[in-house]
Amino acid sequence: EAGKFATSYIPTVASTVTRAADQDTQAIQVNVYTGSIKLEFIPNHGVSSLGCPLWSSYIDASNYSAIFHDGTNMLFRKRIAGTNYDASIALTYVAAQLIKVAVSWSNVNINIAVNGVLGTANTNTLPLQLSSIQRIGALEFLKQANNVDEVRVDGGVKNIAYYPIVLSTSNLVALTS
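Note that the structure is predicted; figures quoted are calculated from it, not measured.

Caption draft 1: Structural view of the overall build of the protein chain. Across its full length, the protein chain carries two helices and 14 strands. Put simply, the protein chain has 177 residues, and 41% of those count as buried. Within the protein chain, residue pairs in contact and separated by at least 24 positions form 66% of the contacts whose partners lie at least 6 positions apart. By element, 52% of the accessible surface of the protein chain is carried by carbon and sulfur atoms, the whole surface being about 8800 Å².

Below is the structure:
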């Protein structure tokens, strides 16, 4: 939907509603040893101190995977048993400027590239954990960390793609150039 607020009316009686654009349910295995994701983002605003969620797979507060901006860096995080493993790249973004992000993971590392520049990888041997629900533009742990009802993206996430292989770092750079 265009604009900063939802414009379509969704009638409800006594239950909550999740807009289709907020959540996408995919049947996938819990421990995924290899894969890659590419997406594009056009923010409606400058950097937010609450963070900017783009994609997440939330299992619980100790276990999730996410692509998000933390106010200073674009991060690809896998959180396993309460420990964060981050691939990152410094990024200051501005409203209406296209941002291309690609990430990959294997059983030895995770990588991120943004707008044609490769970020700093994180080397570890723990498998990435994915839940059966993939969220676009909303991130549970940012909500909890900031003690707010919800932290949602203010902008458009588009052209999202999942690859069941580990894309090379040169492919990540090429996808985001």
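Here the narrative resumes, following the displayed structure.
Caption draft 2: The arrangement of the pattern of salt bridges in detail. Evaluation of the coordinates by the stated rule reveals two salt bridges. A salt bridge links K38 to E40; the nearest nitrogen and oxygen atoms lie 3.5 Å apart. The exposure class of E40 is buried, given its relative accessible area of 8%. The shortest N-O distance in the salt bridge between D86 and R77 comes to 2.7 Å. Classification of R77 by relative accessible area gives buried; the value is 11%.

Caption draft 3: Fine view of the nonpolar core. By size, the foremost hydrophobic cluster in this structure holds 23 residues, and its most contacted members are I67, M74, F76 and V101. Counting only elements with at least two residues in this core, the list comes to β3 (35-43), β4 (52-60), β6 (73-80), β7 (83-90), β8 (99-105) and β9 (109-114). It is β8 that contributes the most residues to this core, four residues altogether. When neighbours within four sequence positions are excluded, V101 is seen to be in contact with I37, K38, L39, L54, I67, M74, I112, A113, V114 and T176.

Caption draft 4: Region of the structure containing the side chain of S36. Residue placement: S36 occurs in strand β3. According to the relative accessible area criterion, S36 is buried, its value standing at 0%.

Caption draft 5: Up close: the environment of N124. Examined against the element boundaries, N124 turns out to sit in the loop between β11 (122-123) and β12 (128-129). Sequence separation between N124 and N107 is 17 residues, and the spatial gap between their C-alpha atoms is 7.3 Å. Those residues in contact with N124, other than ones at most four positions away along the chain, are K78, Y85, N107, V108 and N109. There is a polar contact of 2.7 Å between the side chain of N124 and the side chain of K78.

Caption draft 6: How the structure looks around unusual backbone geometry. Look at A81: it is not a glycine, yet its phi comes out positive at around 50 degrees. Along the chain, A81 turns up in the loop between β6 and β7. On the basis of relative accessible area, A81 is assigned to the exposed category, the value being 63%.

Caption draft 7: Representation of the packing of aromatic side chains. Counted under the stated rule, the structure contains two aromatic pairs. With a centroid separation of 5.9 Å and an interplanar angle of 45 degrees, the aromatic rings of F76 and W105 are classed as tilted. Here the residue F76 occupies a position in strand β6, and W105 occupies one in strand β8, the gap between them amounting to 29 residues. For the pair shown, F76 and W105 are each scored as buried. Ring pairing ties together the aromatic residues F76, W105 and Y162, which thus form one cluster.

What counts, and where the lines are drawn
- Residues numbered from 1 in each chain as written.
- Predicted model: local features only at pLDDT ≥ 70, side-chain atom pairs only at ≥ 80, totals over all residues.
- Heavy atoms only, no water.
- Helix = DSSP H or I, 4+ residues; strand = E, 2+ residues; numbered from the N terminus.
- Buried < 20%, exposed > 50% of the residue type's maximum accessible area, 1.4 Å probe, protein only.
- Contact = heavy atoms within 4.5 Å.
- Areas by Shrake-Rupley, 256 points an atom, 1.4 Å probe, with all protein chains shown as cover.
- Salt bridge = Lys/Arg side-chain N within 4 Å of Asp/Glu carboxyl O.
- Core = buried A, V, L, I, M, F, W, Y, C linked by side-chain atoms within 4.5 Å.
- Polar contact = N/O pair within 3.5 Å; in protein donor to acceptor, adjacent residues only side chain to side chain.
- Phe/Tyr/Trp six-rings, centres within 6.5 Å; stacked < 30°, edge-to-face > 60°.

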